[in-house]
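# Topology and contacts: notes
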Amino acid sequence: MALSTPLSQMSVALPTGLDGSSRSMIKVQSVSFTEKSCGSLLRLDSKSRSFNVKQRSTICMSLQQASRSKVSVTPLELEAPKETPLNLYRPKEPYTATIVSVERIVGPQAPGETCHIVIDHDGNVPYWEGQSYGVIPPGENPKKPGAPHNVRLYSIASTRYGDSFDGKTASLCVRRALYYDPETGEEDPSKAGVCSNFLCNAKPGDKVQITGPSGKVMLLPEDDPKATHIMIATGTGVAPYRGYLRRMFMENVPSFKFDGLSWLFLGVANSDSLLYDEEFAGYLKDYPENFRYDKALSREEKNKKGGKMYVQDKIEEYSDEIFKLLDNGAHIYFCGLKGMMPGIQDTLKRVAEERGESWEQKLTQLRKNKQWHVEVY
Ligand code: FAD
């Protein structure tokens, strides 16, 4: 693609699916580039096996040669409401949305499967970064015959503009829940998780009942564009941070020009289990002053005591810096499996004590200052 038009006036047709394959090219968006890097826009995940590298690199090379752009987003009215959108759709009257694409985003050596799922809500279920959608899987609730299944919550992994940058979609990052008999080690499909399997098996065009948006704890505070945000995730807990980071580094949002520090700690089993790694690596390359990214790969790396490397070991490694940043008002976020919290809290408590501080007092203060954000499940 030759660039005869100045970049600021140019539009590029992009597939909305992760891999550019025809299966996920349900909708093609016209995206105009105005400021910075296209690298991170298209750098999604090379582990999607059918990734259309030729198409991707053609667009990227041309744009990078001309300028590094941020993506224009619409409609900007999504910036306007002062009140957080909350529970626009409830379980009794859910919104029927449509699946746009479902992509496996982990490599072959990852234990388990995680999918990136784009849902078209046609602009009818607006949300802010850090909120969740509820999903009601089809079928009958086994505990209440005749009634629908209970709602399952999923953190939204896109910004309010969605992966198509037009405010019409929301993306989820869903781990397929499987059940293995503890005695035989055999998988028992009759006990597989209902909703996660429904979502991971969904096909473009399928209908999905959604509720929400819900949650305020993980909203991104935007009053200070120079603030520090320390984001700690295990597995799919990375979902809300993908939204934050796209808003900070990928999208051209006139009312939010981030110029602070964003520091992501991501804990997963091995390198094949990393989620959105290329997207994050792109920010590291394009915004080295504003982004830090540390990974803990429990099955591939050892901590300093020779044990498995968990996210709390990374926190310990950087504890001095983290405590200083917290003392200077940094926000700290935790998202992912419930089991991550005790280990992290123990580490923070030990570090506080080594520094001669009371962790209980510090935690109370962080909560009071609204610096402490936890959403674990
Ligand atoms: P369910 O059908 O509810 O089953 C739950 C578990 O029980 C499964 O592991 C299943 O295998 C097991 N099970 C089923 N039957 C039996 C049995 N007879 N005996 C023993 N075990 C059994 N998840 C994500 O993947 N991504 C997210 O971003 C995400 N965000 C969340 C945000 C919030 C605020 C909350 C509260 C939760 C979030 N979750 C997220 C978790 C999600 O809501 C679901 O709990 C998860 O997907 C499992 O739901 P399911 O319907 O697949 O499993």
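Owing to the predicted nature of the structure, the values given are computational and were not obtained by experimental measurement.

Here is what the cut-offs are and how they apply
Residues numbered from 1 in each chain as written. Predicted model: local features only at pLDDT ≥ 70, side-chain atom pairs only at ≥ 80, totals over all residues. Heavy atoms only, no water. Near = heavy atom within 4 Å. Polar contact = N/O pair within 3.5 Å; in protein donor to acceptor, adjacent residues only side chain to side chain. Areas by Shrake-Rupley, 256 points an atom, 1.4 Å probe, with all protein chains shown as cover. Helix = DSSP H or I, 4+ residues; strand = E, 2+ residues; numbered from the N terminus. Nonpolar A, V, L, I, M, F, W, Y, C, P; charged D, E, K, R; others polar. Phe/Tyr/Trp six-rings, centres within 6.5 Å; stacked < 30°, edge-to-face > 60°. Lys NZ or Arg CZ within 6 Å of the ring centre and 35° of its normal. UniProt positions renumbered as here; feature names shortened; annotations may be inferred. Contact = heavy atoms within 4.5 Å. Buried < 20%, exposed > 50% of the residue type's maximum accessible area, 1.4 Å probe, protein only. Pairing = 2+ DSSP bridges. Axes fitted to C-alpha atoms, helices over the stretch in contact; angles between N-to-C directions. pLDDT = per-residue confidence, 0-100. Parallel < 35°, antiparallel > 145°, perpendicular 65-115°, else oblique. Core = buried A, V, L, I, M, F, W, Y, C linked by side-chain atoms within 4.5 Å. Domains from an automatic or database assignment. Salt bridge = Lys/Arg side-chain N within 4 Å of Asp/Glu carboxyl O.

### Topic: the site of the ligand
Surveying the vicinity of the ligand reveals 19 residues, the closest of which are Leu153, Tyr154, Lys191, Cys195 and Ser196. Within the backbone of leucine 153, a nitrogen or oxygen atom sits 2.6 Å from an oxygen atom of the ligand. Interatomic distance of 3.5 Å between a side-chain N/O atom of threonine 236 and a nitrogen atom of the ligand. The protein chains hide 67% of the 980 Å² of surface that the ligand would expose on its own. Among the secondary structure elements, those contributing two or more residues to the shell around the ligand are strand E7 (152-155), strand E8 (169-175) and helix H3 (194-201). Examining the composition of the shell around the ligand, we find that four residues originate from one element, E7, more than from any other. Along the lines of polarity and charge, the residues of the shell around the ligand split into eleven nonpolar, four polar and four charged.

### Examining the packing of aromatic side chains
All told, the structure shown has 21 aromatic pairs when counted by the stated rule. Residues phenylalanine 334 and tryptophan 372 carry aromatic rings whose centres are separated by 4.7 Å and whose planes lie at 55° to one another, so their mutual orientation is tilted. One end of the pair, phenylalanine 334, is in strand E14 (residues 331-336); the other, tryptophan 372, is in strand E15 (residues 372-376), with 38 residues separating them in the sequence. What links up through ring pairs into an aromatic cluster is the set Phe249, Phe256, Phe258, Tyr276, Phe280, Tyr283, Tyr287, Phe291 and Tyr293. A cation over an aromatic ring shows up here: arginine 292 above the ring of tryptophan 263, its NZ or CZ 3.8 Å from the ring centre.

### Things to note about the UniProt feature "binding site: NADP(+)" (unreviewed entry) in the protein chain
In this structure's numbering, the residues bearing the UniProt feature "binding site: NADP(+)" (unreviewed entry) are Ser155, Arg175, Thr236, Ser298, Arg299, Lys308, Gly336, Leu337 and Glu375. Tracing the backbone through its elements, the reader meets serine 298 in the loop between strand E13 (291-297) and helix H6 (311-317). Residues contacting serine 298, with those up to four places away along its chain left out, are Val268, Ala269, Lys308, Met309 and Tyr310. Position of arginine 299 relative to the elements: it lies in the loop between E13 and H6. Given the relative accessible area of 57%, arginine 299 is considered exposed. Setting aside anything within four residues of it in sequence, one finds arginine 299 in contact with Pro111 and Ala269.

### Comments concerning the sheet that holds strand E9 (residues 207-214)
In space, the six strands of this open sheet follow the order E7-E6-E9-E4-E5-E8, with antiparallel pairing throughout. The sheet is open, and its two borders are formed by E7 and E8, each paired with just one other strand. Averaged over all pairs of adjacent strands, the angle between their axes in this sheet comes to 40°, without regard to strand direction. Alignment of strand E5 (residues 114-120) against E8, held across seven bridges, turns out to be antiparallel. Its bridge partner being in E8, isoleucine 119 is matched across the sheet by alanine 170.

### Comments concerning the confidence of the model for the protein chain
Here the protein chain averages 86 in pLDDT, while 82% of its residues score no lower than 70. Between residues 1-67, whose pLDDT stays under 50, and residues either more than four places distant or in other chains, the model counts 160 contacts.

### A short note on the packing of helix H8 (residues 340-354) against helix H9 (residues 359-368)
Between H8 and H9, whose axes approach to 9 Å, the crossing angle comes to 115°. Relative to H9, H8 is oriented roughly perpendicular. Each of Gln345, Leu348, Lys349 and Ala352 in H8 lies in contact with H9, whose residues at this interface are Trp359, Glu360 and Leu363.

### Topic: the side chain of serine 171
Here serine 171 lies in strand E8. For serine 171, the contacting residues outside a window of four places in its chain are His116, Ile117, Val118, Ser155, Ile156, Ala157, Ser158, Asp163 and Arg242.

### Describing the nonpolar core
In terms of nonpolar packing, the biggest core is built from 39 residues, with Val238, Tyr241, Leu245, Leu264 and Phe280 touching the most fellow members. When residues of this core are assigned to their parent elements, the largest contribution, seven residues, is made by helix H4 (residues 239-250). Looking at which domains feed residues into this core, each of domain 1 (76-214) and domain 2 (220-376) gives three or more. If sequence neighbours within four positions are ignored, leucine 264 has contacts with Met231, Val238, Tyr241, Leu245, Phe280, Phe291, Arg292, Tyr293 and Asp294. If you look at the next biggest cluster of nonpolar residues, it comprises 25 residues, including Ile232, Val311, Ile322 and Leu325.

### Remarks on the pattern of salt bridges
Inspection of every chain in the model, using the stated rule, returns 23 salt bridges. With a closest N to O distance of 3.5 Å, glutamate 113 and arginine 104 form a salt bridge. Take arginine 104: its relative accessible area is 25%, and that puts it in the partly exposed class. Close ionic contact of glutamate 113 with arginine 176 constitutes a salt bridge, the shortest N to O distance being 2.7 Å. On the criterion of sequence distance, the pair formed by glutamate 113 in the loop between strand E4 (95-104) and E5 and arginine 176 in the loop between E8 and H3 is long-range, its members being 63 residues apart. Neither glutamate 113 nor arginine 176 differs from the other in exposure class; each is buried. Bridged by salt links that share partners, the residues Glu79, Glu129, Arg160, Glu222 and Arg247 form one connected network.

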